[in-house]
Every structure is written in structure tokens, then in C-alpha cells.
2 protein chains.
Amino acid sequence: MASYKLTYFPIKGLAEPIRFLLSYGSVEFEDVRVNREDWPKLKPSMPFGQMPVLEVDGKKINQSQAISRYLAKQFGLAGKDDWEALEIDATVATIDDLRTKIASWFYEGNIAVKQTKYEPLFKETIPYFLKRLDAQVKTNGGWFVGGTLSWADLLFIAQLDYIIYMTNVDIIDKYDNLKQLKANVLNVSQIKSWVAKRPKTDH
Amino acid sequence: MASYKLTYFPIKGLAEPIRFLLSYGSVEFEDVRVNREDWPKLKPSMPFGQMPVLEVDGKKINQSQAISRYLAKQFGLAGKDDWEALEIDATVATIDDLRTKIASWFYEGNIAVKQTKYEPLFKETIPYFLKRLDAQVKTNGGWFVGGTLSWADLLFIAQLDYIIYMTNVDIIDKYDNLKQLKANVLNVSQIKSWVAKRPKTDH
């Protein structure tokens, strides 16, 4: 069995999909959480100065989505063929686009600019994405792709707390299929166990 | 043989890695280029209202990186095992981070904000990324991963014109290994043919 060590800040953020996947795979992993004040001295030892970083048998790799895709392959959550893998990848990229657009508003330091971004984001962009993601789940029987659990589902639900932390509203509240997806994911026994035992953080 | 139809704006932009991959695979593809003024009426028919979109035997899919990864698998450019596939994916994500950071400055509409972004981007971020990417190519014998051509190499070189269009300087000029990588990619016979025959555009 490979040894896994995950290093990230003490939040869910970009690492939670990785934690969901490792939990789903029922493998032990070291869940290292680095405080902001300790990060500068650690940064030079990390590939491209970034976290999360996963070490697999001592080999370090960065980029959360790439790591999640790798783990998904190990645990059978990356689609039954290349086309399904593509549909999952496209869904993950779409979710990432949505998260990035929300973050671009949330972390905007210029108050005037931030205000101009608010209305297009909340009245147009977010509903535009969620309406289509909701329809996709409806078409696929309660999951994003192929009528069964994939890492796209885990990634979306793992990141939802972080997204909601930024928006400060439950963005899926009006979307019944996305709410069903959330219930489906949180009902997977390994995920249920992880969510019950993970450190409590707001995002 | 599958039929491929690619739809995008009449530029290299986010579609050029897909065009490089289809050319590398020596498959015929329809290279549809939509003018900006025709885009609004086409947008509702595209998944998540985005381009590029690839149609494979009539099935439409969006998200350029996901599409590129799918094609890379068909043409043997996605790594020899799951770990190499992960290293390639992480490299692609890193290149995408760099492009996104440059685009965030380039497309900034607020002149004052744009000015404050200039120095950190050009003096810190771009060199930080390029120095590490250059070292990675040195370690891997003239390619990003595994000592041989992968879709990470094709993606970087396919997007380089677009990146340089934004920065207005040849960002790899001081990086010998990245220049060697560019020469290596442009020397692949199918890529050389594509570059010779593709429509001439500045980005």
C-alpha cells in the first residue's frame, strides 16, 4: 500500500477534494495542516511554491485537480471509458471556472471594483452555471456523469463549503438536483465517516 | 475513424492546443472559426455557453484542457502510467495558472489596478514560473515529463503565441531549455506541417 501525506493550510479549501478521495479509497493518510505563519519557511520546499501538495511514497506533487484525478483513477472514480473521463474532466473544469469567478469577486481588494463585480456574478454568472449543472445532474440520475458516483461529484461537494463561505449564501438552495447530489455524496459511507471526524473549519 | 469538428473564435487562443493534438494524431478535422459578431446567436447552442467546443461523432463537449487530455490519450501523449499522467496534468495546470495570471493583468479594465498588477507579474510571478518550468525541462531531457513528448509540451508551445501577444515580450527568450522545448515541438513533423498551413493570426 502506498503511503500518502497531504500538506495544506488548516482549511477545507482546495485540499478537501483530495481528502474526500483518500477517504473514499479507505487509505490512511497523513493530513498535515500548516498555519499561515509557518508557510513562508515551508514554501521553498514545495513544487512551484504551492499547496496542496501530496506525497506518494515520498514523491511530492502539486496541483489539486491533477492530484484528485490521479486518486480517482486509483479508486475507480474516473469514468468507465475515455469519453466518460472527458465528461468528468469537463465538469470539474466547469466547477473550477465557477469557483474562480466567485473568488475573483471575493478576493478583490479594490472596494469599488468589487462592488461592480457583485451584480453580474450573483444575478447572471452563478445562476447560469448552477442551472446547467443542476440540469446535468437531473439527466444523469442524481450524479454529474454516467449515472454513478465520480470524482466530479466528490470535488463539487467537498468544495461547496468553501464556495458558500465566499458567497455567504447557500448557492444550491434553489436547485433540487444539486441538493440531491449533495445528499447522495454525503450518504456514501466513507464520506460520511470523514465528514464526521474531520477537523471543524468554516471553509 | 471518428469525425472531429472544432468550433472557436478565429484565433489560436485556447483552441490551439486542440488543433496541435488533432494535427499530431494525423486526423482530419473541421476547423470552424466563428467571428465575434456571430457568436451571440451561436452561444446558446454551446455547452455552458463556451468555446472551444469539440464535436466527436456529433457529441459536443467543452473545456479546452479536458478535450486536450482526451485527445492526448487517443494519440499516446498522456504518459506511460498514472504517475506520468499526473505529472503531465500538474504541468498543464501550472502553465494554465501562469496564463491566467497574465490574462488577469492583460484584461484588467481598471487602468490604475492594471498598473499595480504590472510589476509583481513581470518581476516576480512570470520569472518564478518560467525558472521552474525551464529547470523541469532540463531535468527531463528537453521535454516537460518523462524524457519524451507529451501533451504538456504541445499545450505550452501552442499557447505561447497567445501568451506573448498578452505580454508583448518573448517571455522564454532568457530560458534556454524552454527555447529548446519550443524547437523540439516545432520540429515534430505533423506540428511543422500544421504550423505551416494554419491560418495566420497574431494570437
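The structure reproduced in this document is the subject of the present report.

Cut-offs used in this document
- Residues numbered from 1 in each chain as written.
- Chains lettered and ligands numbered in written order.
- Predicted model: local features only at pLDDT ≥ 70, side-chain atom pairs only at ≥ 80, totals over all residues.
- Heavy atoms only, no water.
- Helix = DSSP H or I, 4+ residues; strand = E, 2+ residues; numbered from the N terminus.
- Buried < 20%, exposed > 50% of the residue type's maximum accessible area, 1.4 Å probe, protein only.
- Areas by Shrake-Rupley, 256 points an atom, 1.4 Å probe, with all protein chains shown as cover.
- Lys, Arg positive; Asp, Glu negative; His and termini not counted.
- Charge placed at Lys NZ, Arg CZ, Asp CG, Glu CD.
- Least-squares fit on C-alpha atoms with pLDDT ≥ 70 in both.
- Contact = heavy atoms within 4.5 Å.
- Axes fitted to C-alpha atoms, helices over the stretch in contact; angles between N-to-C directions.
- Parallel < 35°, antiparallel > 145°, perpendicular 65-115°, else oblique.
- Nonpolar A, V, L, I, M, F, W, Y, C, P; charged D, E, K, R; others polar.

Some points on the overall build of chain A
Next, step 1: Looking only at helices and strands, one finds 8 helices and 4 strands in chain A.
Next, step 2: For chain A, the α and β elements follow one another from N to C terminus as β-α-β-α-β-β-α-α-α-α-α-α.
Next, step 3: Over its C-alpha atoms, taken along the principal directions, chain A stretches across nearly 45 × 45 × 30 Å.
Next, step 4: Relative to its 203 residues, chain A shows a buried fraction of 52%.
Next, step 5: On chain A, roughly 9200 Å² of surface is accessible, and the fraction owed to carbon and sulfur atoms is 50%.
Next, step 6: Across chain A, the mean location of the 27 positive side-chain charges is 3 Å away from that of the 25 negative side-chain charges.

Section: the relation of the copies chain A and chain B
Next, step 1: Rotating chain A by 180 degrees and translating it 0.0 Å along the rotation axis places it on chain B, where the RMSD comes to 0.0 Å. Such values leave the two copies arranged in the relation of a two-fold axis.
Next, step 2: Take the interface residues of chain A: 100% of them recur as interface residues in chain B, which is what a same-surface contact looks like.

Some details on the packing of helix α6 (residues 151-167) of chain A against helix α7 (residues 176-186) of chain A
Residue and element names in this part refer to chain A.
Next, step 1: For the pair α6 and α7, the least separation of the axes is 10 Å and the interaxial angle reads 100 degrees. Comparing the axis directions of α6 and α7 gives the class roughly perpendicular. When α6 is examined against α7, the residues D153, L154, F156, I157 and L160 are found in contact with a partner set consisting of L178, L181, K182, V185 and L186.
Next, step 2: Here the residues of the contact of α6 with α7 sort into 8 nonpolar, no polar and 2 charged.

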